[in-house]
Amino acid sequence: MPAITIKNLTYIYSKKTPYEKKALDSVNLEIEEGSFVGIVGATGSGKSTLIQHLNGLIKIQDKKKSQIIVNGMNSVDKKTLRKLRFEVGMVFQYPEYQLFADTVAKDVAFGSKNMKLEKEEIDERVKKAMDVVGLDYATFADRSPFDLSGGEKRRAAIAGVIAMQPKILILDEPVAGLDPVGREEILALVKKLQKEVSPTVIMVSHNMDDIAVIADRIVALKDGKIAIDGTPKEVFSNRQLISDIGLDVPCASHLADEFISRGIPVSKDVISMDELCRELARIKAEKAKNPSENSFENLDKIADGSSDKNDNSSARNESVSDDKNGLNFRKTDGDDKGVTDDV
């Protein structure tokens, strides 16, 4: 059963003015309950406009042609709009900027209080939400949210959203501005929230490495239209279309293309570093079983041919060779001091 159904959604900013801009153009989309959907696209492609329609922050302009149904509720029905907004939790980019109360507990409780719940239930939800995001209640409840670290502020802001126990969680660039460790922690938290709080997750991201491994499905927008919709492997296997949209493939896909161009038969649909490592391990194991079959016999020629085309004064060159122990990658500088890594 679809959690969200979008039919013929069009939205125009500054309509009937010289600054008119069509942000969405006849978008049709269904999102199944329990799915994790990544929304990607270049700046100005319509991503934020799309997700802000899903809980009524932006209202449908043409109610006769367009329709959005969320968990059976029509977004234009004023009788159910309030309930719809509580069922769709929205975490904006840099959510820590949404903090405003004098204590963390009060900030986390804000949304639940607007639901007109009993005080006991509000307190219980606050404690549970803080626990889920990794903020110990006894330690953080009475602290000012403005005294927290960047990562703690983001967790507190997310806790305020999930305290309302939304069935659908929407995140707009949730790891923007975080260091690698903080990014990994927040992404792990998002997956945890899907299991424990909100079974349906929609995440907007410009980081293809993140979205490739965390999402079940990717919807890519271009000029307000859906350009491609499929699994991460299906989407990123279409290199030309991804380029036309103005996006890039994950780093692992770039490396896979480089290996393939040098005659190393890794799978073209690799989208993560873990997959790439497994592919290289598979190739090495197959070679160990069949040492007489050298599927990399042209690698030295390929590498030598590439080197000949480079300027001899180049600061760095790369060569790839194959020996009985596996695949060796040798990086050398101008005076041939190199480090060899065995894959």
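Scroll up to find the structure.
To start, this report covers the structure provided alongside it. (Residues numbered from 1 in each chain as written. Predicted model: local features only at pLDDT ≥ 70, side-chain atom pairs only at ≥ 80, totals over all residues. Heavy atoms only, no water.)

## Comments concerning the environment of Leu169
- With respect to the helices and strands, the residue Leu169 is situated in strand E7 (residues 168–172).
- Of the residues examined, Leu169 reaches a relative accessible area of 0% and is grouped as buried.
- Residues Leu169 and Pro199, 30 residues apart in the sequence, show an inter-C-alpha distance of 8.0 Å. (Helix = DSSP H or I, 4+ residues; strand = E, 2+ residues; numbered from the N terminus. Buried < 20%, exposed > 50% of the residue type's maximum accessible area, 1.4 Å probe, protein only.)

## Notes on the nonpolar core
- Grouped together as the largest cluster of nonpolar side chains are 51 residues, with contacts concentrated most on Val108, Ile211, Ile214 and Phe236.
- Ranked by residues supplied to this core, first place goes to helix H6 (residues 150–162) with six residues.
- In contact with Phe236, not counting residues within four places along its chain, are Met208, Ile211, Ala212, Ile218, Ile242, Asp248, Val249, Pro250 and Ile271.
- Judged by nonpolar contacts, the second largest core, of 28 residues, contains Leu29, Leu54, Ile168 and Leu221. (Core = buried A, V, L, I, M, F, W, Y, C linked by side-chain atoms within 4.5 Å. Contact = heavy atoms within 4.5 Å.)

## What about the sheet that holds strand E6 (residues 88–91)?
- The six strands are arranged E6-E7-E8-E3-E9-E10 in an open sheet whose pairing can be described as mixed. Edge positions in the sheet fall to E6 and strand E10 (225–230), since each has one partner strand and no second. With direction set aside, neighbouring strand axes in the sheet form an average angle of 20°.
- One ladder, built from four bridges, connects E6 with E7; its direction is parallel. (Pairing = 2+ DSSP bridges. Axes fitted to C-alpha atoms, helices over the stretch in contact; angles between N-to-C directions.)

## Notes on unusual backbone geometry
- Positive phi is not limited to glycine here, since Glu173 has a value of about 50°.
- Its place among the elements puts Glu173 in the loop between E7 and helix H7 (180–196).
- Residue classification places Glu173 among the buried positions, given a relative accessible area of 10%.
- Unusually for a residue other than glycine, Asp223 sits at a positive phi of about 55°.
- By secondary structure assignment, the location of Asp223 is in the loop between strand E9 (217–222) and E10.
- For Asp223, a relative accessible area of 55% translates into the label exposed.

## Brief notes about the pattern of salt bridges
- The tally for this structure, following the rule as stated, stands at 16 salt bridges.
- The residue Glu121 makes a salt bridge to Arg125 at a minimum N-O spacing of 3.2 Å. Note that Glu121 and Arg125 are positioned in helix H4 (residues 119–132) at a spacing of four residues, about one turn of the helix.
- Under the relative-accessibility criterion, Arg125 is labelled buried at 11%.
- Linking Asp210 and Arg183 is a salt bridge whose minimum nitrogen-to-oxygen distance equals 3.4 Å. Within this pair, whereas Asp210 is found in helix H8 (residues 208–214), its partner Arg183 is found in helix H7, the two being separated by 27 residues in sequence.
- Accessibility expressed as a relative area gives 5% for Asp210, which makes it buried. (Salt bridge = Lys/Arg side-chain N within 4 Å of Asp/Glu carboxyl O.)

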